[in-house]
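Survey of secondary and tertiary structure
For reference, the chains in residue letters:
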Amino acid sequence: MDWDYPLSDPYAFPLPCCRSGVHPCRNEGGPGDRIRVFPPSLMRRRAGPYPVGYGCGIDIVHDIGDAAGFKRRFGEGTGQEWPSPGHPGLFTSVTHSFKITIPMKWTINMVDEKAIEAAQKQYGELLRKQLERVERLKNEPDWTDYSKLDKLIIGVCGGDGIGPYICNDARKVLEFLLADKIAAGKVEVRNIDGLTIERRVEVMKAIPDDTMEELKKCHVILKGPTTTPKKGDPWPNIESANVAMRKELDLFANIRPVSVPELGINWRFFRENTEGSYAVGSNGINVTDDLAIDYCVATTQGTERILRAGFDYAKKSGANYVSVITKANIIKTTDGKFLNIAEKVAKDYPEVRWDDWFIDITTAKLLDPARRSAFRVFVLPNLYGDIITDEAAQIQGGVGTAGSANIGKRYAMFEAIHGSAPRMVDEGRAKYADPCSMIKAVAMMLEHIGEVEKARKLDMALDVCVQFEKRLVMTGRDTGATGEEFAKYVIETVQRPDLEKVWKDYVDAAAAKQQ
């Protein structure tokens, strides 16, 4: 019998149907059977030991063992037939033709030109947007001088899950410390809604337009955790509200301090916030069902400004030591650019010592007592900064103890570094959520707007409450304090007239135990 296989429709090509090494049609054909392939003029043989039939973009690779015979029988022409030969290899004893059904043993290379064209179009659109962004970066405004504002507007966004609870606790601390400025009309604290996952899904945007409009009326923002849907969640796959806010408000510097005085740890991380692997994280391309590609973005302008932010801080704070973290030995283009620009920027800061480390060994050295106390300022791309600052926070006492600042020249946003913990809400434990990370974010906000002394006292009070005195302990359950109770504890501690002495005594005693 003859098996006709027209190749006019490559998308109708049959899928693999056999998991064994046995010919799937061994019992369907017989000696003398033939296969007719249309159009054979589209078929040729790839260089190498395996014959390859090309039909309308489809490669069929079969270890037939008789490449020359295969090539002869699939020569140029129209309607040529292939009587199955006896051949060495997989089917030495088989002398029949076969029906075109592809077993797993074979390899199918599908070159889908339409998919490539679609991916190229999407990639081109991404490139256009990024190049437009570069032009905006070249003309960005100067830094906001908060001291010259008639009124400083602080927006408070609760977010999702435990966010509204811990945000409210932190807000009480903030309003206590700025009570004089609020009473004098120099500071206004506004509540901004709209960042719940329900509202964001309702409008299918990372940040609803009306919420973004309100955010842009503020100078600085205190933001609770928000939910970012992941695979398997009941929510649609919308972009992270954090990522969207950082991009829209151009909050390019994510700054996270970590302090463990008794271990000699006093770190400050400057993570690039608007580029890297997160820049177009929701715009990757599923080229085909088998191939997905994401992108990593590095611009000269974006890289230089985060590096300058880190070096400026190192110089002004007296730290005078910067470690630049990349994986430039492997990620040679974007990480290589980051490191090359670091070398150029460093020349403008001769008083600041600097070195570079790879991200993998850096994660180990943060745990090395012989090395970690020497580190001071880290500057690093987006993804690496996101990961390593969680590790650093764990050394300090957990992600619940660490705050985060997201700084731009026009706006600034301060937040906890942990997630929204919806399980705590579902289990009725939200009021026991630890507000320390949000209170730490308040301290960073105070420092950023020029209230340096109030920020310093709040930092010391947090150390006393969390690391040393521990009169109240957060457990996340009814076995510990509520967030509201802990916020009151911090407010009481920050008012102590002997706070600085108490803090120093605790630090000295803890350091002595480490020796």
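Please read these numbers as outputs of a predicted model, since none were measured by experiment. (Residues numbered from 1 in each chain as written. Predicted model: local features only at pLDDT ≥ 70, side-chain atom pairs only at ≥ 80, totals over all residues. Heavy atoms only, no water.)

Quick word on the sheet that holds strand 14 (residues 321-326)
Stated precisely, the cut-off is as follows: Two strands qualify as a pair provided that DSSP identifies no fewer than 2 bridges between them. Put simply, DSSP H or I for four residues or longer makes a helix, DSSP E for two residues or longer makes a strand, and each gets a number counted from the N terminus. All axes here are fitted lines through C-alpha atoms, helices being fitted over the stretch that makes contact, and every angle between N-to-C directions spans 0 to 180 degrees.
Pairing is mixed in the open sheet, where ten strands are placed in the order 8-7-9-18-17-10-11-16-14-15. Sheet topology places strand 8 (187-191) and strand 15 (353-358) at the edges, where each strand pairs with a single neighbour. The average angle at which neighbouring strand axes cross in this sheet is 20 degrees, direction not considered. The pairing of strand 10 (residues 253-260) with strand 11 (residues 265-272) spans eight bridges and is classified as antiparallel.

Structural notes on the packing of helix 3 (residues 163-177) against helix 13 (residues 436-448)
Helix packing geometry: the angle between the two helix axes and the distance between the axes. Stated formally: The crossing is said to be left-handed when, going from far helix to near helix, the turn is anticlockwise and less than a right angle, and right-handed when the turn is clockwise. Contacts between residues were defined by any pair of non-hydrogen atoms, one from each residue, lying within 4.5 Å.
It is at 8 Å that the axes of helix 3 and helix 13 come closest, and there the two elements cross at 35 degrees. Classified by chirality, the crossing of helix 13 by helix 3 is right-handed. Judged by residue contacts, I166, C167, A170, V173, L174 and L177 of helix 3 engage M438, I439, V442, M445 and L446 from helix 13.

Observations regarding the confidence of the model for the chain
The test is simple: Confidence of the predictor in every single residue is expressed as pLDDT, which spans 0 to 100.
Per-residue pLDDT for the chain averages 80, and the proportion of residues at 70 or more is 78%. Considering only residues more than four positions removed or in separate chains, one finds that residues 1-110, a stretch of pLDDT under 50, has 196 contacts.

Side note on unusual backbone geometry
Stated formally: Each residue is placed in one exposure class: buried if its accessible area under a 1.4 Å probe, protein chains only, is under 20% of its type's maximum, exposed if it is over 50%, and partly exposed if it falls in between.
Not every positive phi belongs to a glycine, and N320 is a case in point at roughly 55 degrees. As for its placement among the helices and strands, N320 is situated in the loop between helix 8 (300-317) and strand 14. A relative accessible area of 29% places N320 in the partly exposed class.

Considerations on a nonpolar patch on the surface
Condition: Two joining distances apply to patches: 9 Å for like charges and 5 Å for nonpolar side chains (Val, Leu, Ile, Met, Phe, Trp, Tyr), and every residue must have over 30% relative accessible area and no salt bridge. Note on areas: these come from Shrake-Rupley sampling with a 1.4 Å probe, and a residue is covered only by the protein chains present in the view. Basic side-chain nitrogens of Lys or Arg form a salt bridge, by our definition, when they fall within 4 Å of a carboxyl oxygen of Asp or Glu.
Taken together, the side chains of Y123, L127 and L131 make up a nonpolar region of the molecular surface, amounting to roughly 290 Å² of accessible area. Along the chain, L127 falls in helix 2 (residues 113-138).

Notes on the pairing of strand 11
A regular strand places its side chains so that they alternate between the two faces of the sheet. With respect to burial, strand 11 is a largely interior element, seven of its eight residues being buried. Hairpin connection of strand 10 to strand 11: four residues between the antiparallel strands, including G264 at a positive phi of 75 degrees. In the sheet, strand 11 pairs with strand 16 (residues 377-380) via four bridges, with the strands oriented parallel. Bridge pairing links F269 to F378 in strand 16.

Brief notes about the pattern of salt bridges
If the charged atoms of two oppositely charged side chains come close together, the side chains can form a pair. This model, assessed by the stated rule, comprises 40 salt bridges. A salt bridge links E484 to K172; the shortest N-O distance between them is 3.4 Å. Here E484 is found in helix 15 (residues 483-494), whereas its partner K172 is found in helix 3, with 312 residues between them in sequence. Here E469 ties to R471 by a salt bridge, and the two come within 3.9 Å at their closest N and O atoms. One salt-bridge network, held together by shared partners, links E469, R471, E492, R496 and D498.

Details of the packing of helix 13 against helix 14 (residues 452-468)
Put simply, the test is: Any angle from 65 to 115 degrees is called roughly perpendicular, while one under 35 is roughly parallel, one over 145 is roughly antiparallel, and all others are oblique. Residue polarity is assigned by list, with Asp, Glu, Lys and Arg as charged and Ala, Val, Leu, Ile, Met, Phe, Trp, Tyr, Cys and Pro as nonpolar; anything else, Gly included, falls into the polar class.
Helix 14 packs onto helix 13 with a crossing angle of 160 degrees between their chain directions and a minimal axis gap of 7 Å. Between helix 13 and helix 14, the interaxial angle falls into the category roughly antiparallel. The interaxial crossing formed by helix 13 with helix 14 has left-handed handedness. Within the contact between the two elements, helix 13 uses C436, I439, K440, V442, A443, L446 and E447 and helix 14 uses V452, K454, A455, L458, D459, L462 and V466. Per-class residue counts for the contact of helix 13 with helix 14 are ten nonpolar, no polar and four charged.

Some remarks on the pairing of strand 15
Our working rule: We call a crossover right-handed when, viewed with both strands directed away from the observer, the connection leading from the first strand over the helix to the second proceeds clockwise.
As defined by bridge partners, strand 14 adjoins strand 15 across six bridges and the pair is classed as parallel. Each residue of the ladder has a partner; that of T326, found in strand 15, is F358. This β-α-β element, strand 14 to helix 9 (residues 334-346) to strand 15, shows right-handed connectivity.

Quick look at helix 13
Spacing of three or four residues puts side chains on the same side of an α-helix, whose turn is 3.6 residues. What counts, and what does not: A helix is expected to reach a length of 1.5 Å times the quantity of its residues less one.
With 13 residues, helix 13 should reach 18 Å at 1.5 Å per residue; the first-to-last C-alpha distance of 18 Å fits that figure. Within helix 13, eleven of the 13 residues are buried, which leaves it mostly tucked inside the rest of the structure. For helix 13, the set of buried residues is C436, S437, M438, I439, K440, A441, V442, A443, M444, M445 and L446. Looking at the residues trailing helix 13, positive phi occurs at G450, about 100 degrees.

Describing the nonpolar core
Put simply, the test is: Take the buried residues of types Ala, Val, Leu, Ile, Met, Phe, Trp, Tyr and Cys, join any two whose side-chain atoms come within 4.5 Å, and each joined set is a nonpolar core.
Of all hydrophobic cores here, the largest spans 73 residues; its most connected members are I154, V220, L222, L307, F414, L446 and L458. If sequence neighbours within four positions are ignored, V220 has contacts with Y146, L152, I153, I154, G155, A412, F414, M445, H448 and I449.

Remarks on the side chain of E272
Definition in use: The sign given to each residue is positive for Lys and Arg and negative for Asp and Glu; His and the chain ends receive no count. The definition of a polar contact used here is a pair of N or O atoms within 3.5 Å, where within protein one atom must be able to donate a hydrogen and the other to accept one, and adjacent residues in sequence count solely through side-chain atom pairs.
In this fold, E272 is placed in strand 11. Within the buried set, E272 has no salt-bridge partner at all; the shortest N-O distance to an opposite charge, 4.9 Å, is to R133. Polar contacts involving the side chain of E272 include one to the side chain of T274, which spans 2.9 Å. Apart from residues lying up to four places away in sequence, E272 is in contact with F252, G302, I306, L380, P381 and N382.

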